[in-house]
Each structure stands twice: as C-alpha cells, then as structure tokens.
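Structural description and commentary
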Amino acid sequence: MNFAPSEWFGFNKRVKQDMVFTKTENGETSTKQVYGRFNWWAFLFTWFYGLFSRRCQIPFFMIKTAVPFLGLIFFNTVMQLLFTEQIALIINVLGDVWYGYMFETWFKNQLLADGYKPVQ
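The sections below set out a description of the structure shown in this document. These figures come from a predicted structure and were not determined experimentally.

**Focus on the side chain of Asp-114**
In this fold, Asp-114 is placed in the loop between α5 (85–113) and β3 (117–118). Lys-23 provides the closest opposite charge to the buried, salt-bridge-free Asp-114, at an N-O distance of 6.0 Å. Residues within four places of Asp-114 in sequence aside, it is in contact with Lys-23, Ile-58 and Pro-59.

Put into structure tokens, the structure is as follows:
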C-alpha cells in the first residue's frame, strides 16, 4: 500500500485506457477490469462504492480508498468552518470529482501491488 502524495494526486499517471489484469492463485485465475475513464459510481458514492462493489474486493483496497475519503471529510469540515456554505459545497464537489477521476488508478495500483499482471 502506497500512501505517497504522488499516489493520490498523480493526474499525469492516471489510467487513460481500459486494462485487464489476471492473477493465478491455487490453480484459479482471477480477472479484474480497470476502466480508463471517469468513474461515476466513485464520484457519487466515494468510499462506499469501493466498499460494496464486488469488482473491488481485493486485499487492502478498502484501506487505500478510505484514506482519501477520510481526508475529504476532514478537509470539507475545515472548509465549512472557514468559508460560506456555497464555497464549501463547491469544494466538496471538486473533491468528489477528484475521487471519481483517481479511483481507477488507485484500483490499478493496488492490483499491481497484490500481484496481478496486465494482460497484453
């Protein structure tokens, strides 16, 4: 699990095309799809999408997606204290957009960390 800022804000390293990853374990092959586009489910439900999606059930991914989610909650709380409700709402929506753009990249990076290999 990588918690470096380049992992969370690496827009230049974002997944931009669909990818397929496989892993063989105990004679069974697991296949996962990573999409190279904005993830609307992650935008709408943030961490809860990763928590309840069957596609995202891989070790440590819930922790990996919970960290930016908790960071968003903390950041939004501070912004509500410092700014008007409208400004805080705009910042909240921008945080959700960030989460939707980066979710698939975080998923890909966790697949690689878990030993999945890209299919050529």
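**Describing the packing of aromatic side chains**
Geometrically, a pair of aromatic rings is defined through the distance of the ring centres and the angle of the planes. Enumeration according to the criterion identifies 15 aromatic pairs in this entry. Arranged with centres 5.8 Å apart and planes meeting at 15°, the rings of Trp-41 and Phe-45 form a pair that is stacked. Taken together, the residues span about one helical turn, with Trp-41 and Phe-45 both in helix α2 (residues 40–45) at a distance of four residues. Under the relative-accessibility criterion, Trp-41 is labelled exposed at 52%. Phe-45 sits in the partly exposed class, given a relative accessible area of 40%. Ring centres of Tyr-99 and Trp-106 lie 5.1 Å apart, and the angle between their planes is 80°; on these two criteria the pair is classed as edge-to-face. There is no split in this pair, since Tyr-99 and Trp-106 are both buried.

**Section: the pattern of salt bridges**
Per the counting criterion, the structure on display carries three salt bridges. The salt bridge partner of Asp-18 is Arg-37, with a shortest N-O separation of 3.4 Å. Highlighted residues: Asp-18 in the loop between α1 (5–9) and β1 (19–25) and Arg-37 in the loop between β2 (28–34) and α2, separated in sequence by 19 residues. By relative accessible area, which is 43% here, Asp-18 ends up partly exposed. Given a relative accessible area of 45%, Arg-37 falls into the partly exposed group. Where Lys-23 meets Glu-25, a salt bridge forms, and the shortest distance between an N and an O atom there is 3.8 Å.

**Focus on unusual backbone geometry**
Despite not being glycine, Asn-26 shows a phi value in the positive range, around 55°. Examined against the element boundaries, Asn-26 turns out to sit in the loop between β1 and β2. Note on Asn-26: relative accessible area 79%, which makes it exposed. Look at Thr-46: it is not a glycine, yet its phi comes out positive at around 45°. Locating Thr-46 in the fold gives a position in the loop between α2 and α3 (47–52). For Thr-46, a relative accessible area of 8% gives the class buried.

**Quick look at helix α4 (residues 61–82)**
Its 22 residues give α4 an end-to-end C-alpha distance of 32 Å, which sits within 8% of 32 Å, the value for a rise of 1.5 Å per residue. The set of residues buried in α4 consists of Phe-61, Met-62, Lys-64, Thr-65, Ala-66, Pro-68, Phe-69, Leu-72, Asn-76 and Met-79.

What counts and how
- Residues numbered from 1 in each chain as written.
- Predicted model: local features only at pLDDT ≥ 70, side-chain atom pairs only at ≥ 80, totals over all residues.
- Heavy atoms only, no water.
- Helix = DSSP H or I, 4+ residues; strand = E, 2+ residues; numbered from the N terminus.
- Buried < 20%, exposed > 50% of the residue type's maximum accessible area, 1.4 Å probe, protein only.
- Lys, Arg positive; Asp, Glu negative; His and termini not counted.
- Salt bridge = Lys/Arg side-chain N within 4 Å of Asp/Glu carboxyl O.
- Contact = heavy atoms within 4.5 Å.
- Phe/Tyr/Trp six-rings, centres within 6.5 Å; stacked < 30°, edge-to-face > 60°.
- Expected span 1.5 Å × (residues − 1).

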